Amino acid sequence: MSDLDEIPVTLIDGRETTFGEWSGKVRLVVNVASRCGYTPQYERLEKLQHRYGDRGFTVLGVPSNQFLQEFGSEEKIAEYCSATWGVTFPMTAKAKLNGKQQHPLYAALSSAEDEDGKAGKVKWNFEKFLVLPDGAVHRFRSSTEPDDPGITALIEKALPGDAG
């Protein structure tokens, strides 16, 4: 269990939990937004969930209006994601990614470096943090597709069994 697992998380339906609910899994944490040029990535995120979910993987969507591209209410976000993209992976309540009211999960994740060695603030919607069961965090910027070979190779290496 890593320190990340102790961080409280409120799900989109209001249920309180911790990031540790998915402890031992490969977790892809993505700050999502419903009205962004990257919003079609929902489709690939859902495909990853279906492809690897039974093997110990989950996407965790974190809606944020930090960049002014998300709906106002959790209900509207949940409805949009389900009806438009068929999202079945867990989603949190809206969260701040940066600044004084930054969610503790993002305070921890944003210290991870991307492929260029840069850590710090989340720069845009659909940044991805791949959290491995050993606590290692790999960061991918918004333009990296969820099913990019760099991401899927790390998922495959960390998961037990065969993709079959």
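Residues numbered from 1 in each chain as written. Predicted model: local features only at pLDDT ≥ 70, side-chain atom pairs only at ≥ 80, totals over all residues. Heavy atoms only, no water.

Looking at the side chain of Thr 39
No. 1: As for its placement among the helices and strands, Thr 39 is situated in the loop between strand S3 (26-32) and helix H1 (41-52).
No. 2: Overall, Thr 39 belongs to the buried group, its relative accessible area being 3%.
No. 3: At 2.7 Å, the side chain of Thr 39 forms a polar contact with the backbone oxygen of Ala 33.
No. 4: Residues in contact with Thr 39, not counting those within four places in the same chain, are Ala 33, Ser 34, Tyr 80, Trp 85 and Phe 126. (Helix = DSSP H or I, 4+ residues; strand = E, 2+ residues; numbered from the N terminus. Buried < 20%, exposed > 50% of the residue type's maximum accessible area, 1.4 Å probe, protein only. Polar contact = N/O pair within 3.5 Å; in protein donor to acceptor, adjacent residues only side chain to side chain. Contact = heavy atoms within 4.5 Å.)

Some details on the packing of H1 against helix H4 (residues 149-158)
No. 1: The contact between H1 and H4 brings their axes to 12 Å, and the two run at 20°. Judged on the interaxial angle alone, H4 and H1 are roughly parallel. Considering how the two elements wind past one another, H1 and H4 form a crossing that is right-handed. Contact with H1, carried on its side by Leu 48, Arg 51 and Tyr 52, involves Thr 152, Ile 155 and Glu 156 of H4 and no other residues of that element.
No. 2: Tallied by class, residues from the contact of H1 with H4 come to 3 nonpolar, 1 polar and 2 charged. (Axes fitted to C-alpha atoms, helices over the stretch in contact; angles between N-to-C directions. Parallel < 35°, antiparallel > 145°, perpendicular 65-115°, else oblique. Left-handed = near helix turned anticlockwise from the far one by under 90°. Nonpolar A, V, L, I, M, F, W, Y, C, P; charged D, E, K, R; others polar.)

Topic: the sheet that holds strand S6 (residues 137-140)
No. 1: The strand order across the open sheet built from 4 strands is S4-S3-S5-S6, with neighbouring strands paired in mixed fashion. With one partner strand each, in any of the chains shown, strand S4 (57-63) and S6 form the two edges of the open sheet. Adjacent strand axes in the sheet meet at a mean angle of 20° when their direction is disregarded.
No. 2: Where S3 meets S4, 7 bridges bridge the pair, whose relative direction is parallel. For Val 30, the partnering residue across the bridge sits in S4 and is Gly 61.
No. 3: Strands in contact with H1 are S3, S4 and strand S5 (128-131); relative to S4, the strand with the most contacts, it is inclined by about 150°. (Pairing = 2+ DSSP bridges.)

A few points about the nonpolar core
No. 1: Judged by nonpolar contacts, the single largest core of 25 residues is most densely connected at Tyr 42, Leu 45, Phe 57, Met 91, Leu 130 and Ile 155.
No. 2: Within the second largest apolar cluster, 19 residues are counted, among which are Leu 4, Leu 60, Leu 97 and Phe 129. (Core = buried A, V, L, I, M, F, W, Y, C linked by side-chain atoms within 4.5 Å.)

So, H4
No. 1: Taken residue by residue, H4 has Ile 151, Thr 152 and Ile 155 as its buried positions. The buried residues of H4 occupy an angular sector of 90° when projected down its axis, which confines them to one face. Away from the buried face of H4 by more than 90 degrees, exposed residues Pro 149 and Lys 157 are located.
No. 2: Buried residues in H4 make contact with S3, H1, S4, S5 and S6.
No. 3: By the N-cap criterion, in which a side-chain oxygen at the helix start approaches the backbone nitrogen of a residue two or three places on, H4 is capped by Asp 148, the distance to Gly 150 being 2.7 Å. (Arc of directions from axis to C-beta.)

A few points about the UniProt feature "active site" (unreviewed entry) in the protein
No. 1: The positions UniProt marks with the feature "active site" (unreviewed entry) are Cys 36.
No. 2: Among the residues examined, Cys 36 registers a relative accessible area of 10% and is labelled buried.
No. 3: Among residues more than four places away in sequence, those in contact with Cys 36 are Gln 69, Trp 124 and Asn 125. (UniProt positions renumbered as here; feature names shortened; annotations may be inferred.)

Comments concerning the packing of aromatic side chains
No. 1: All told, the structure shown has 8 aromatic pairs when counted by the stated rule.
No. 2: The interplanar angle of 40° and the centroid separation of 5.0 Å between the aromatic rings of Phe 67 and Trp 124 together place this pair among those described as tilted. One end of the pair, Phe 67, is in the loop between S4 and helix H2 (74-85); the other, Trp 124, is in the loop between helix H3 (104-109) and S5, with 57 residues separating them in the sequence.
No. 3: With a relative accessible area of 17%, Phe 67 lands in the buried category.
No. 4: When the centroid spacing of 5.4 Å and the interplanar angle of 70° are considered together, the rings of Phe 71 and Tyr 80 count as edge-to-face.
No. 5: A relative accessible area of 13% means that Phe 71 is categorised as buried.
No. 6: Positioned over the ring face of Phe 71 is Lys 76, at 5.0 Å from the centre of the ring. (Phe/Tyr/Trp six-rings, centres within 6.5 Å; stacked < 30°, edge-to-face > 60°. Lys NZ or Arg CZ within 6 Å of the ring centre and 35° of its normal.)

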